[in-house]
Amino acid sequence: MHLHQVTREKIQEHITNQNPKSHMLKDPKDKLANLLNSKSPTRVFTETNHSQGEAPALSRNPGSPTIQLIEKQQGTKILFRKFSETNWSVDIQPLNKSLVTDSKWKRIDATQEKRRSFLQEFCKKYGGVSRPQSHVFHMVSRIYVEDKHKILYCEVPKAGCSNWKRILMVLNGLAPSAYNISHDAVHYGKHLKKLDSFDLKGIYSRLNTYTKAVFVRDPMERLVSAFRDKFEHPNSYYHPVFGKAIIKKYRPNACEEALNNGSGVKFREFIHYLLDSHRPVGMDIHWEKVSKLCYPCLIHYDFVGKFETLEEDANYFLQLIGAPKELKFPNFKDRHSSDKRTNAQVVGQYLKDLTRTERQLIYDFYYLDYLMFNYTTPFL
């Protein structure tokens, strides 16, 4: 299906109404209508009208805790209203390239401008909305903050995020080098701040003044990479939490051992879980859509990097934000270093075990990510 065949209204609705479920479709022809017509039960920034009832009489002492609480609530209401009335325009500011002195970055810069323009035009055409329907704290919950260099980085798992967190730790002065920070320190150390840890004023000011970056990856590659990482190696979380539920629902006559430990999930079973509108266990950030992790048509990213050109994109970004000259993006594999990196050839080996309909449905699931970031439609 081509982009022009999709109505603007349907794509726009899907961009702003983020439904946590995806539906397994019986007829692939219905895929987009079902995907884009999801309704969100929540609307952000809606204020309750209390005019029909009267609150009990309150102390009028300006210094009383009650009055201070009211004033604080009123201030929060004003900020919520400001967010509500904000025009979520899709205009993006030109990158400040004053710190880039080497001409070797010209090619990468030209590619970056094309990506930014493509996303901008896509969002202007299909995502031009004034009132997003996801709560602001949820919208920014995957964004990491580095205040010294004024960076906002939206984490997309399986797209170089571990090494990006290492870089942020170095920029924050938390480590001298990205090469001696362990996986556990990166993911469980709680060293980095997220944007949702700030109040609304802090969120609003940073979104409007910091350089915002997102790094993405071909959706099919990212999916297979996540499966390999979480289900083909021992894992004390994903096997008992996801593996056991997946095997129980999607493997007929499963043996007792598999049901007890959740190990050995097959890729096809994992795909059945992914596409099931009644999943036995919820979604996970490692295979969630980028459109629902980073909200690229509502938060206007200044820099769009890709895993396929990760090292050069990342090092160019470090130049743009004035990072120390000696700081380079690490190129090592964070975990399972002996495994071959997930590439198109590896993906093909996993997809061959699926039916054409199943492959099509995976594409349907990540359809918006393919469109937003101009990835080539996979051979299905």
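Our subject is the structure listed above.
Residues numbered from 1 in each chain as written. Predicted model: local features only at pLDDT ≥ 70, side-chain atom pairs only at ≥ 80, totals over all residues. Heavy atoms only, no water.

### What to know about the overall build of the chain
Each helix and strand in the chain was counted, giving 17 helices and 5 strands. Within the chain, the proportion of its 380 residues that are buried is 52%. Residue pairs in contact within the chain that sit at least 24 positions apart in sequence constitute 74% of those at least 6 positions apart. Only carbon and sulfur atoms are counted for the fraction: they give 51% of the accessible area of the chain, which is about 19,400 Å². (Helix = DSSP H or I, 4+ residues; strand = E, 2+ residues; numbered from the N terminus. Buried < 20%, exposed > 50% of the residue type's maximum accessible area, 1.4 Å probe, protein only. Contact = heavy atoms within 4.5 Å. Areas by Shrake-Rupley, 256 points an atom, 1.4 Å probe, with all protein chains shown as cover.)

### Topic: the sheet that holds strand E2 (residues 151–154)
Spatially, E3-E1-E2-E4-E5 is the arrangement adopted by the 5 strands of the open sheet, whose pairing is mixed. The open sheet has two edge strands, strand E3 (193–194) and strand E5 (303–306), and neither has a second partner. Both E2 and strand E4 (residues 211–216) contribute to a ladder of 4 bridges, which runs parallel. Looking at E4, one finds that Leu152 is bridged to Lys212. Along the sheet face, helix H6 (residues 161–171) touches strand E1 (143–146), E2 and E4 and points at about 160 degrees away from the line of E2. (Pairing = 2+ DSSP bridges. Axes fitted to C-alpha atoms, helices over the stretch in contact; angles between N-to-C directions.)

### Observations regarding the pattern of salt bridges
Counting across every chain of the model gives 16 salt bridges. One salt bridge in this structure joins Glu113 and Arg116, with 3.6 Å as the shortest N-O distance. Of this pair, Glu113 and Arg116 both sit in helix H4 (residues 106–126), 3 residues apart, roughly one helical turn. Take Arg116: its relative accessible area is 5%, and that puts it in the buried class. Among the ionic contacts, a cluster of salt bridges with common partners joins Arg142, Glu155 and Lys165. (Salt bridge = Lys/Arg side-chain N within 4 Å of Asp/Glu carboxyl O.)

### Focus on the state of the cysteines
A full pass over the atoms with the stated rule returns 2 disulfides. Shown here is the disulfide that connects Cys123 with Cys297, its sulfur atoms set 2.0 Å apart. In this structure the cystine formed by Cys123 and Cys297 twists about its S-S bond by roughly -80 degrees; its chirality is therefore left-handed. Here the residue Cys123 occupies a position in helix H4, and Cys297 occupies one in the loop between helix H13 (290–293) and E5, the gap between them amounting to 174 residues. The pair Cys123 / Cys297 is uniform in exposure class, with both members buried. At a sulfur-sulfur separation of 2.0 Å, the disulfide partner of Cys154 is Cys294. Here Cys154 and Cys294 share a disulfide; its torsion about the S-S bond, -95 degrees, makes the bridge left-handed. Placement of Cys154 in strand E2 and of Cys294 in the loop between H13 and E5 is noted, with a sequence separation of 140 residues between them. (Disulfide = S-S within 2.5 Å.)

### Observations regarding H6
Where burial is concerned, most of H6 is hidden: 11 out of the 11 residues are buried. Those residues of H6 that fall on the buried side of the exposure criterion are Cys161, Ser162, Asn163, Trp164, Lys165, Arg166, Ile167, Leu168, Met169, Val170 and Leu171. Residues of H6 that are buried make contact with E1, E2, helix H7 (183–188), E4 and helix H14 (310–320). Taken from the residues just after H6, Gly173 is the one with a positive phi, measuring 80 degrees.

### What to know about unusual backbone geometry
Outside of glycine, negative phi angles account for most residues, and trans bonds account for most peptide bonds. In this model, Lys150 sits at a positive phi of 55 degrees, which is unusual for a non-glycine residue. Of note, the phi angle at Tyr295 is positive, near 50 degrees, even though the residue is not glycine. Position of Tyr295 among the secondary structure elements: in the loop between H13 and E5. Judged by relative accessible area, which is 2%, Tyr295 ranks as buried.

### Notes on the pairing of E1
Residues Ile143 and Val145 point to one face of E1 and Tyr144 and Glu146 to the other, with burial holding for every one of them. Direction of pairing for E1 relative to E2: antiparallel, over a ladder of 4 bridges. Bridging across to E2, Ile143 finds its partner in Cys154. Connecting E1 to the next strand, E2, in antiparallel fashion are 4 residues, including Lys150 with a positive phi near 55 degrees. When E1 meets E3, the two strands line up antiparallel, connected through 2 bridges. Bridge assignment links Val145 to a residue of E3, and that residue is Lys193.

### Re the packing of aromatic side chains
By convention here, two paired aromatic rings are described through the distance between centres and the angle between planes. Taken as a whole, this structure holds 29 aromatic pairs when the rule is applied. Residues Phe227 and Tyr350 carry aromatic rings whose centres are separated by 6.1 Å and whose planes lie at 75 degrees to one another, so their mutual orientation is edge-to-face. With Phe227 in helix H9 (residues 219–231) and Tyr350 in helix H15 (residues 344–351), this residue pair connects regions lying 123 residues apart in the sequence. Both residues of the pair, Phe227 and Tyr350, count as buried. Between Phe270 and Trp287, the aromatic rings sit 5.0 Å apart at their centres with planes inclined by 85 degrees, giving edge-to-face as the arrangement. Of this pair, Phe270 sits in helix H12 (residues 267–275) while Trp287 is found in the loop between H12 and H13, placing the two residues 17 residues apart along the sequence. The rings of Phe227, Phe231, Tyr237, Tyr238, Phe242, Phe267, Phe270, Tyr273, Trp287 and Tyr350 are connected pair by pair, giving a single aromatic cluster. Looking at Arg217, its charged tip hangs above the ring of Phe307, at a distance of 3.9 Å from the centre. The ring of Phe365 is capped by Lys289, whose NZ or CZ atom sits 4.3 Å from the centre of that ring. (Phe/Tyr/Trp six-rings, centres within 6.5 Å; stacked < 30°, edge-to-face > 60°. Lys NZ or Arg CZ within 6 Å of the ring centre and 35° of its normal.)

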